[in-house]
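# Chains, contacts and geometry: an overview
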Amino acid sequence: MNIGLVAHDAKKKLMQNFCIAYRGILSKNNIYATGTTGRLIEEVTNLPVHKFLAGHLGGEQQLGSQIENNQIDLIIFLRDPFTPKSNEPDVNNVVHLCDAHNIPLATNLATAELLVKALDRGDMDFRNLYK
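None of the values given here were measured: they were computed from a predicted structure.

Here the focus is the overall build of the chain. Along the backbone of the chain there are six helices and five strands. Here the C-alpha radius of gyration of the chain, 13 Å, is about what a compact globule of 131 residues would show, namely 14 Å. Of all 131 residues assigned to the chain, the portion counted as buried reaches 48%. For the chain, contacts bridging at least 24 residues in sequence account for 67% of all contacts bridging at least 6. On the chain, roughly 6,600 Å² of surface is accessible, and the fraction owed to carbon and sulfur atoms is 50%. In the chain, 13 positive and 14 negative side-chain charges are present, and the distance between their average locations comes to 5 Å.

In structure tokens:
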């Protein structure tokens, strides 16, 4: 499965800790991330990460393109709901594309943990029907 990972600045440390905790599951899949998030994940997990541009430089648009082309199976987007973003339309676009293309999406830690555990159990295998 192809997993997309994105984290706003205030959530990057949380994303690193999440990836450390679930390294075993993530290692069995392909990881895609926006630039800075991907670099930080690589540093703490030593997992290979396909890195797009930084989110504000077009990385979220690149991820959106992957979603539109049915090349991403799961998105974990740890968003900071308290700090407005200059690239908010791009953020909303990723959420919209996940809804439009039936891609499971987590925007907080609790849902991210549920989705990763479901992935490990094989509950995401339905995504193979879309390919």
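Now for the sheet that holds strand β3 (residues 49-51). Spatial ordering of the open sheet is given by β3-β2-β1-β4-β5, a layout of five strands whose pairing is parallel. With partners counted over all chains shown, the strands left at the sheet margins are β3 and β5 (105-106), one partner each. Alignment of strand β1 (residues 2-7) against strand β4 (residues 74-78), held across five bridges, turns out to be parallel. Across the sheet, the residue bridging to Ala7 is Leu78, located in β4. Its contacts with the sheet put helix α1 (residues 12-21) on β1 and β4, and the angle it makes with β1 is roughly 150°. Those strands touched by helix α3 (residues 35-45) are β1, β2 (30-33) and β3, and its axis lies near 155° from that of β3.

With that out of the way, let us pick up the packing of aromatic side chains. Scanning all chains against the criterion turns up two aromatic pairs. Between Phe18 and Tyr22 the ring centres are 5.0 Å apart and the planes differ by 45°, which places this aromatic pair in the tilted class. Residue classification places Tyr22 among the buried positions, given a relative accessible area of 13%. Their ring planes at 25° and their centres at 6.1 Å tell us that Tyr32 and Phe52 sit as a pair that is stacked. In this pair, Tyr32 sits in strand β2 while Phe52 sits in the loop between β3 and α4 (59-68), placing the two residues 20 residues apart along the sequence. Grouping residues by exposure puts Tyr32 and Phe52 together as buried.

About the cut-offs
- Position numbers for residues start from 1 in each chain and track the written sequence from start to end.
- Under the rules for a predicted model, residues below a pLDDT of 70 receive no local features and side-chain atom pairs below 80 are neither given nor counted, while totals for whole chains, interfaces and linings still include all residues.
- To obtain the side-chain values, all non-hydrogen atoms of the structure were used and water was disregarded.
- Numbered from the N terminus, helices here are DSSP runs of H or I no shorter than four residues, and strands are runs of E no shorter than two.
- Only C-alpha atoms enter the radius of gyration; for comparison, a globular chain is expected to reach 2.2 Å times N to the power 0.38, where N is the number of residues.
- With a 1.4 Å probe rolled over the protein chains alone, any residue whose accessible area is under 20% of its type maximum counts as buried; one over 50% counts as exposed, and the rest are partly exposed.
- Only heavy atoms enter the contact rule, under which two residues are in contact if any of them lie within 4.5 Å.
- The Shrake-Rupley method, run with a 1.4 Å probe sphere, supplies the accessible areas, and residue values consider only the shown protein chains as cover.
- The charge count treats Lys and Arg as positive and Asp and Glu as negative. His and the chain ends do not count.
- Each charge is placed at NZ for Lys, CZ for Arg, CG for Asp and CD for Glu.
- Two strands qualify as a pair provided DSSP detects at least 2 bridges between them.
- Axes here refer to lines fitted to C-alpha atoms; in helices the fit is confined to the stretch in contact. Angles between the N-to-C directions go from 0 to 180 degrees.
- When two rings of Phe, Tyr or Trp (its six-membered ring) have centres within 6.5 Å they constitute a pair, described as stacked for plane angles under 30 degrees, edge-to-face for angles over 60, and tilted for the intermediate range.

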